[in-house]
Amino acid sequence: MLRTKRMSRCSNDAKLMDLPIDILINILLRLPAKSLCCAQCVCKNLLHIVEARSFATLVHLRLLTTASDAVTEVPQLLRLSLTEFNENGSLITISPSQRYDGNALTRSRHAIVSEIASCRYYYNVGFVFCNLFFFKDREYDRGPCFLFNPLRGEVLMLPKSTVQVPPFRNMVFIDWYGMGFDDITNTYKIVRVSGNAHCCLVAQVYVLGTSSWKQISSVPPCNLSTEKISAYGDLHWLINLSSIGGQICIVSFDFKKEEFYLMPHPALRKPEYSILYLHFVNFRGSMAIVDTSSRTHIDIWVLKSYEKKEWVRDYRVNLQLFVDHPRHHLGRSSCIGEWEHGIFFIEFYPSTNAFFVDIRCDSVKRISLGSPKYTRIFSYPGSLISLKEYGNLITACNWRPDFSKKSWQLD
């Protein structure tokens, strides 16, 4: 009886922060990012742990693994609209904390809307990596690039590259960007491929937090595409390789070795595919290819083992059940992402409609995104990456009295 009372008294007096630091961190790493953001408001000690750069790195390493004891992150949805600003510039409006309930897309009443304005440059989204959005000017090598963190309200300008691409007459040069994580040096890196495969391609790497880009010797075997994802620490493009008979292939970039390589793809229905009907997506922690080439169904191929490069067709969604047949629109999709119960597509142009696919019940629903014409939905996993650890942030120039909107003026 005495022993029972002692144990009860000890348990009542015990506090979370009394645990050894390694056990406490192990507990926190099992929580989703949203819960961690709430935990840092409990006390200063938890705030210091969660905001530490080393802890954010551990959380990111957890996302790269498929540990059975890790909590599955529910993808977060974000709505982005792009409009012209001051004739030559652009206004980016970002509404985080979007939720699709099966019928409509709504924003949390506590979410803070962000506006980023530029009078000189027209910015587009270059890529999304974890909770970081990369923006670049639509004109080749004109304006500076920047990263935006919607969860923390941070804007970080990136240094302009001084690596030269040899000029070539009558040749259109293009830029491709992507981001990944080097788990050997525990650094985040951005890779940029510039030029044109018909004359020359130049690849360069920027380590987040440094002051310059560096050219690397490895280059891809062809021009890249907009179909790309970051998975397993590397970056992957889905492309149509004309040098091997126009077949589909996957070009990947290893951020540890800083090298490009070719990766096997699943045994698709036919060898010659239009790239318009294939889409890359991070799906439930794995790399996946969504095949919309059939008029009767959608196939989702999932990479089950990254080491063995084993692809499995995990899902087939029947399209014949729906009166509003979406196949024609899915073939013209410019954006695809993951939501809590499936995947979604955004029409290429005008991007005013979205199709949400619910794999639980073979359901496809179309919703209107409204105006302006360039409106897209993005999904991203929870992450604690903070840009303030990697440079001087751009200061917000305006807060509304009710704290519902935050604004930045870039130039």
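How each quantity is defined
Residues numbered from 1 in each chain as written. Predicted model: local features only at pLDDT ≥ 70, side-chain atom pairs only at ≥ 80, totals over all residues. Heavy atoms only, no water. Pairing = 2+ DSSP bridges. Helix = DSSP H or I, 4+ residues; strand = E, 2+ residues; numbered from the N terminus. Axes fitted to C-alpha atoms, helices over the stretch in contact; angles between N-to-C directions. Core = buried A, V, L, I, M, F, W, Y, C linked by side-chain atoms within 4.5 Å. Buried < 20%, exposed > 50% of the residue type's maximum accessible area, 1.4 Å probe, protein only. Contact = heavy atoms within 4.5 Å. Salt bridge = Lys/Arg side-chain N within 4 Å of Asp/Glu carboxyl O. Disulfide = S-S within 2.5 Å. Arc of directions from axis to C-beta. pLDDT = per-residue confidence, 0-100.

Caption draft 1: Quick look at the sheet that holds strand S18 (residues 286–291). The strand order across the open sheet built from four strands is S17-S18-S19-S20, with neighbouring strands paired in antiparallel fashion. The sheet is open, and its two edges are formed by strand S17 (278–283) and strand S20 (310–318), each paired on a single side. Averaged over all pairs of adjacent strands, the angle between strand axes in this sheet comes to 25 degrees, irrespective of strand direction. Here S18 pairs with strand S19 (residues 297–305) via four bridges, running antiparallel. Following the sheet pairing, Val290 is matched in S19 by Ile300.

Caption draft 2: Main features of the sheet that holds strand S11 (residues 200–207). As summarised here, the arrangement of the four strands in space is S9-S10-S11-S12, forming an open sheet in which the pairing is antiparallel. In the strand order of this sheet, the two ends are held by strand S9 (174–182) and strand S12 (214–216), each with one partner. Here the strands of the sheet are splayed against their neighbours by 30 degrees on average, with no regard to which way each runs. Here S11 runs beside S12; their pairing, made up of three bridges, is antiparallel. By the bridge assignment, Ala203 is partnered in S12 with Ile216.

Caption draft 3: Broad picture of the nonpolar core. Among the nonpolar cores identified, the biggest contains 31 residues, and Ile92, Ile116, Phe135, Phe146 and Phe356 are the most heavily contacted of them. Element by element, the count of residues in this core is highest for strand S1 (residues 76–85), at four residues. Leave out the neighbours within four places in its chain, and Ile116 touches Ser90, Leu91, Ile92, Ile94, Phe146, Phe148, Val155, Trp408 and Leu410. Counting residues in each nonpolar core, the second largest holds 20 residues, with Cys145, Leu158, Ile190 and Ile385 among its members.

Caption draft 4: Structural detail: the pattern of salt bridges. A complete count under the given rule lists nine salt bridges for this structure. With its nearest N and O atoms 2.7 Å apart, the salt bridge here joins Asp299 to Arg316. Residue Asp299 is located in strand S19, and its partner Arg316 is located in strand S20; the two are separated by 17 residues in the primary sequence. The exposure class assigned to Arg316 is partly exposed, which follows from its relative accessible area of 41%. Residues joined in a network through salt bridges with shared partners are Asp182, Lys189, Lys214 and Glu258.

Caption draft 5: View of the side chain of Asn353. When you line up the elements, Asn353 lands in strand S23 (residues 353–358). Residue Asn353 is classed as buried on the basis of its relative accessible area of 18%. Discounting residues that sit within four places of it in the chain, Asn353 has contacts with Phe345, Ile346, Glu347, Arg366, Ile367, Ser368 and Leu369.

Caption draft 6: Local environment of the state of the cysteines. Counted according to the given criterion, the structure contains zero disulfides. Here Cys222 is not disulfide-linked; the sulfur of Cys249 is the nearest cysteine sulfur, at 5.5 Å.

Caption draft 7: Up close: the pairing of strand S7 (residues 146–149). A two-sided burial pattern is seen for S7, the buried positions comprising Phe146 and Phe148 on one face and Leu147 and Asn149 on the other. Direction of pairing for strand S6 (residues 132–137) relative to S7: antiparallel, over a ladder of three bridges. Bridge pairing in S7 links Phe134 to Leu147. Bridge analysis of S7 against strand S8 (residues 154–157) gives four bridges, and the strand direction is antiparallel. Following the sheet pairing, Leu147 is matched in S8 by Leu156. The turn linking S7 back onto S8 is made up of four residues, and Gly153 within it adopts a positive phi angle of 65 degrees.

Caption draft 8: View of helix H4 (residues 44–51). Every buried residue of H4 is accounted for by Leu46, Ile49 and Val50. Seen end-on, H4 carries its buried residues on one side only, within an arc spanning 90 degrees. Of the exposed residues in H4, the ones pointing more than 90 degrees away from its buried face are Lys44 and His48.

Caption draft 9: Spatial organisation of the confidence of the model for the protein chain. In this model, the protein chain carries a mean pLDDT of 81, and residues with pLDDT of at least 70 account for 82%. This stretch, residues 1–10, has a pLDDT under 50; its non-local contacts, to residues over four places away or in other chains, come to zero contacts.

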